[in-house]
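Chain and residue survey
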Amino acid sequence: PGFPGLAIATSLAGWMNAAALLYGLIARGWYRPGLLLVKRLTATLFSSLAMGGVLGLMIASPDWVEPWLPAGGLMHVLIFVAIGLLTYLLLAVASGAIRVSDLRRQARS
């Protein structure tokens, strides 16, 4: 029961940290947000909500999902995480939240 709360708290803390950093940059005049920021934040939010929806459907429909998963609790968790990761990654790239060139640059560094 406590694990979803921990995940939500960690995610919220990350977003609050990012918002505080953005606020500090704007307040000091070091950054001026533009349309690209709004587009990427919107695409990120869409990708996150869609990933949550897919994972929520998997949880709500265990009879549909269970036959496709190998036996074992750890494998269920790993597959669940992998599906969430792939869903988010595909939607983030498709929506423009992440550019493939950004991924390549990160892979090289």
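Residues numbered from 1 in each chain as written. Predicted model: local features only at pLDDT ≥ 70, side-chain atom pairs only at ≥ 80, totals over all residues. Heavy atoms only, no water.

Each helix and strand in the protein was counted, giving 5 helices and 0 strands. Order of helices (α) and strands (β) in the protein, N terminus to C terminus: α-α-α-α-α. Relative to the 2.2 N^0.38 estimate, which gives 13 Å for 109 residues, the radius of gyration of the protein is 17 Å and therefore markedly larger than a compact globule would have. The principal-axis extents of the C-alpha atoms in the protein amount to approximately 55 × 30 × 25 Å. When each of the 109 residues of the protein is scored for burial, the buried share is 14%. (Helix = DSSP H or I, 4+ residues; strand = E, 2+ residues; numbered from the N terminus. Rg over C-alpha atoms; globule rule 2.2 N^0.38 Å. Buried < 20%, exposed > 50% of the residue type's maximum accessible area, 1.4 Å probe, protein only.)

Counting 5 residues, the largest nonpolar core is built from Ala43, Tyr88, Ala92, Ala97 and Ile98. Residues contacting Ala97, with those up to four places away along its chain left out, are Arg40, Ala43, Thr44 and Ala92. (Core = buried A, V, L, I, M, F, W, Y, C linked by side-chain atoms within 4.5 Å. Contact = heavy atoms within 4.5 Å.)

Interhelical geometry of helix α2 (residues 35-60) versus helix α4 (residues 73-95) gives an angle of 150° and a closest axis separation of 9 Å. With respect to α4, the axis of α2 lies roughly antiparallel. Of the two elements, α2 crosses α4, and the hand of that crossing is right-handed. The segment α2 lies against α4, with Ala43, Thr44, Phe46, Ser47, Ser48, Ala50, Met51, Val54, Leu55, Met58 and Ile59 engaging Phe80, Ile83, Gly84, Thr87, Tyr88, Leu91, Ala92 and Ser95. The residue makeup of the contact of α2 with α4, split by class, is 13 nonpolar, 6 polar and no charged. (Axes fitted to C-alpha atoms, helices over the stretch in contact; angles between N-to-C directions. Parallel < 35°, antiparallel > 145°, perpendicular 65-115°, else oblique. Left-handed = near helix turned anticlockwise from the far one by under 90°. Nonpolar A, V, L, I, M, F, W, Y, C, P; charged D, E, K, R; others polar.)

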